[in-house]
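What the coordinates show
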Amino acid sequence: MKIEHFGTTTSSTSFPASWWFWNQFHLESNQLWGHLSVAQRKHFFTMPEMLDEKFDHDLNVPHPRVRGMTVLDRDAFKRVVVIPALKVDKSSVSKLLTSLKYVLLKRPGIKRVTQDSKDESSVFVFLDSAKLPADCSLGESEQQVLKSFGVDPEIIRYKFELTYDHFKADEILQAVLPEGQEVTSGFSRVGHIAHLNLRDHQLPYKHLIGQVIIDKNHGITCAVNKVSFIENAYRNFRMEVLAGDETSMLTKVKESHLSYEFDFSKVYWNPRLETEHRRIISLLKPGDILFDVFAGVGPFAIPAAKKKCIVFANDLNPESYKWLQHNCKLNKVDKQVQVFNMDGRDFLKGPVKEELVRQLSLKEREAALHIVMNLPAMAIEFLEVFRQFLEGEPASPELLPTVHCYCFSKHDDPTQDARERVEACLGTSLEGHCSTVLVRNVAPHKEMVCVSFRLPASVLYKPLPCPTGAGSPPEPTSKRRRLNEDSQEEVNQKA
Ligand SMILES: C[S@@+](CC[C@H](N)C(=O)[O-])C[C@H]1O[C@@H](n2cnc3c(N)ncnc32)[C@H](O)[C@@H]1O
């Protein structure tokens, strides 16, 4: 095997002393190199200690010195690796790449072909050492192919300097964070903001993690971490800026081809709800009426209006209300959406009831009525409002509104749990009259569920059940019921 030495090098502590010597020699003698004959060059390359040099199989690992780093030092990631290569005449490269494709190096960030800096007419083609036989020689058939292209089949050792730029975010974090602990560079992207949810063991590295995510994701200029669970009424996070531009949380996102602008530090936005938003919109027909009780900045309301539905959208958070109005204008649906800034109960008892009464009194009404309630930690409690909601109004049991109510569940059977809690609040069974959808897994053992049901006439028009228990809500059938953060006990008692 011909042993040669090309490429830019730096000294590296992971290489033996002979390597260090060789690197220095090479760097210092670069200018002399051109004056040596081929025979003289070969003499250097076949120095006996060089024969021990192994190819690096794993090009995904930065230099070990980065372990435990908390302040990002990009230079410390440099590492010199030895890659098998073939020296090829430029004219045969493309045909050769096709013939040898199964042994070529495929590593994002490293080009398979690189110019030979000392010979204009030649390039080096990198091979994957893991795909070569143990002795790193090419087989008979490959040698034949190479010979047919006039390529010397001997494999060359090419010294290549890997830098911070060559590594992926996961590879960097894997090398930095303590071994054996979960490393995740996962985040939600909200416009130019990466939104992380770091675990305790990652916190000492939080600024480094934020910076790596900015470096490795085009268009992200700011990384924030959720500081606490959502605890305030408006369901927006407390967040800490980890890295990048902290001056502006104003951002712009696209969802289902519509644009939304908002201040991410002041309103609720979750990119993981896109599929759910689309699912609900797919249930609507042009002309239908949508009441969005907890509308946020508009991801149900605006696509519904685009679908030519009539929309009543509400949010208690003045910031959400402001951006909801803004986004209606931005998407040119401000004429179809009436926007409110009220508590959800007041919205239901006021504008929603008024419109329902009007709609239900219409003869030959075809529009369907939908009420969306996406405030999963609390929405079920708001269902009590519908008891006797239309009492005293002319009864019109046809085409009553369909409610889509969201909740969280930590129950073994989350959909059954969600349905039973909805039933308990309404005071009636929905068996056979509702559908439940698992929306997403929020955390280990915590699901977000949507329960959809037509509001029963018996709930809307009938008086409250008497205290003797006649007509009282059904007891939950499941023995596995667990109390959860949605003040379940309180809801059951009220029911
Ligand atoms: C989980 S977010 C849902 C936002 C939006 N519908 C979505 O799907 O992204 C719940 C929204 O309810 C609003 N909210 C919280 N409490 C409320 C209340 N009592 N009445 C009305 N809106 C409320 C919050 O400001 C927040 O925008």
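Residues numbered from 1 in each chain as written. Predicted model: local features only at pLDDT ≥ 70, side-chain atom pairs only at ≥ 80, totals over all residues. Heavy atoms only, no water.

The cut-off we apply is this: UniProt positions are given in the numbering used here, feature names are shortened, and annotations may be inferred rather than shown by experiment.
By the naming in an unreviewed UniProt entry, the chain goes by tRNA (guanine(37)-N1)-methyltransferase and is assigned to Phrynocephalus forsythii. As its UniProt record puts it under Subunit (unreviewed entry), the chain is described as follows: "Monomer." In its Catalytic activity (unreviewed entry) section, the UniProt entry covering the chain states "guanosine(37) in tRNA + S-adenosyl-L-methionine = N(1)-methylguanosine(37) in tRNA + S-adenosyl-L-homocysteine + H(+)".

**Description of the overall build of the chain**
Stated formally: Comment: elements are numbered from the N terminus, with helices defined as DSSP H or I runs of at least four residues and strands as E runs of at least two. Contacts between residues were defined by any pair of non-hydrogen atoms, one from each residue, lying within 4.5 Å.
Within the chain, the regular secondary structure consists of 15 helices and 17 strands. Partitioning the intrachain contacts of the chain with sequence separation of at least 6 by distance along the chain shows that 69% fall at a separation of at least 24.

**Re the pattern of salt bridges**
Stated formally: Think of a salt bridge as a Lys or Arg side-chain nitrogen and an Asp or Glu carboxyl oxygen that are within 4 Å of each other. Per-residue accessibility, obtained with a 1.4 Å probe over protein chains only, is compared with the maximum for each type, and a residue is labelled buried under 20%, exposed over 50%, and partly exposed between these values.
Within the structure shown, the criterion is met by 18 salt bridges. Among the salt bridges present, the one from D263 reaches K266, with a minimum N-O distance of 3.7 Å. Overall, D263 belongs to the buried group, its relative accessible area being 10%. Note that E423 and R419 form a salt bridge whose closest N and O atoms lie 2.9 Å from each other. Note that E423 and R419 are positioned in helix α13 (residues 414-426) at a spacing of four residues, about one turn of the helix. Exposure remark for R419: the relative accessible area of 16% places this residue in the buried category. Because the salt bridges share partners, they merge into one network encompassing K87, D116 and D119.

**A word on the UniProt feature "binding site: S-adenosyl-L-methionine" (unreviewed entry) in the chain**
Here, UniProt's "binding site: S-adenosyl-L-methionine" (unreviewed entry) annotation points to H277, D315, L316, D343, G344 and N374. Relative to the helices and strands, D343 is located in the loop between β13 (337-340) and α11 (344-361). Non-local contacts of D343, meaning those with residues more than four positions away in its chain, are made with N314, L316 and F382. Relative to the helices and strands, N374 is located in the loop between β14 (369-373) and α12 (379-382).

**What about the side chain of Q359?**
With respect to the secondary-structure elements, Q359 resides in helix α11. Apart from the residues lying within four places of it in its own chain, the contact partners of Q359 are I289, R365 and L369.

**Considering the packing of aromatic side chains**
For clarity, the threshold we go by: The aromatic pairing rule takes the rings of Phe, Tyr and Trp, using the six-membered ring of Trp, and pairs them if the centres are within 6.5 Å, calling planes under 30 degrees apart stacked, those over 60 edge-to-face and the rest tilted. Charge-over-ring contacts are defined here by two conditions on Lys NZ or Arg CZ: a distance within 6 Å of the ring centre and an angle within 35 degrees of the ring normal.
Evaluated as defined, the whole model comprises twelve aromatic pairs. On the basis of an interplanar angle of 40 degrees and a centroid distance of 5.1 Å, the ring pair of Y260 and W269 is categorised as tilted. W269 carries the same exposure label as Y260, and that label is buried. Here the guanidinium or amino end of K216 rests over the ring plane of Y164, the centre of that ring lying 4.7 Å away. The ring of F382 carries the charged tip of R345 above its face, separated from the ring centre by 4.2 Å.

**Details of the confidence of the model for the chain**
Which entries qualify depends on this criterion: pLDDT expresses how confident the predictor is about each individual residue, on a scale running from 0 to 100.
In the predicted model, the chain carries a mean pLDDT of 81, and 80% of its residues have values of at least 70. Confidence over residues 1-52 falls short of pLDDT 50; this stretch has 72 contacts with residues more than four positions distant or in other chains. pLDDT under 50 marks residues 464-495. Its contacts with residues more than four places away, or in other chains, come to 64 contacts.

**Re the nonpolar core**
Operational definition: Nine residue types can take part in a nonpolar core, namely buried Ala, Val, Leu, Ile, Met, Phe, Trp, Tyr and Cys, and a core is a set of them joined through side-chain atoms within 4.5 Å. Domain delimitation follows an automatic or database domain assignment.
Ranked by internal contacts, the top residues of the largest apolar core, which has 40 residues, are F262, W269, V311, V337 and Y406. Ranked by the residues each element gives to this core, the list is headed by helix α9 (residues 301-306), at four residues. When we break this core down by domain, the ones giving at least three residues each are domain 2 (177-248) and domain 3 (269-494). Contacts of V337, omitting those with residues within four sequence positions, involve A301, A305, V311, A313 and C328.

**Section: the sheet that holds strand β4 (residues 156-162)**
As a reminder of what qualifies: For two strands to pair, DSSP has to find at least two bridges joining them. The angle between two axes is taken between their N-to-C directions and runs from 0 to 180 degrees, where each axis is a line fitted to C-alpha atoms and a helix contributes only its stretch in contact.
Strand order in this open sheet of four strands is β2-β3-β1-β4, and the pairing throughout is antiparallel. The strands lining the two open edges of the sheet, one partner per strand, are β2 (113-115) and β4. For this sheet, the mean angle separating the axes of adjacent strands, direction not counted, is 45 degrees. Sheet topology places β2 next to strand β3 (residues 122-126); three bridges connect them, and they run antiparallel. The residue of β3 that forms the bridge with T114 is F124.

**Observations concerning unusual backbone geometry**
For S256, which is not glycine, the phi torsion reads 45 degrees and is therefore positive. Note that S256 resides in the loop between β9 (250-255) and β10 (258-263). Look at S256 and you get partly exposed, because its relative accessible area is 30%. The residue K332 is not glycine, and still its phi comes out positive at about 60 degrees.

**A short note on the side chain of N314**
Under the convention used in this document: Polar contacts, as used here, are pairs of N or O atoms within 3.5 Å; protein pairs need one atom able to donate a hydrogen and one able to accept it. Residues neighboring in sequence count only if both atoms are side-chain atoms.
Residue placement: N314 occurs in strand β12 (residues 310-314). Only 3.0 Å separates the side chain of N314 from the backbone oxygen of V293, close enough to count as a polar contact. For N314, the side chain forms a polar contact with the main-chain nitrogen of M342, separated by 2.8 Å. Here N314 is in contact with D292, V293, F294, A295, F340, N341, M342, D343, G344 and F347, once residues within four sequence places are set aside.

**Brief notes about the environment of L399**
Here L399 shows up in the loop between α12 and β15 (402-409). The spacing of L399 and A368 is 31 residues in sequence and 6.5 Å in space, taken between C-alpha atoms. With sequence-adjacent residues up to four places away left out, L399 is seen in contact with L360, R365, E366, A367, L369 and R454.

**With respect to the environment of F55**
Mapped onto the fold, F55 is located in the loop between α3 (38-45) and β1 (79-89). Along the sequence, F55 and K159 sit 104 residues apart, while their C-alpha atoms lie 9.4 Å from each other.

**Let's talk about the pairing of β10**
Counting buried positions along β10 gives six out of six residues, so the element sits mostly inside the fold. Residues L258, Y260 and F262 of β10 are buried on one face, and the alternating residues S259, E261 and D263, pointing to the opposite face, are buried as well. Bridge count between β9 and β10: six bridges; the pairing is antiparallel. The partner of K254 across the bridge, within β10, is S259. Counted along the chain from β9 to the antiparallel partner β10, the turn is two residues long, and its residue S256 has a positive phi close to 45 degrees.

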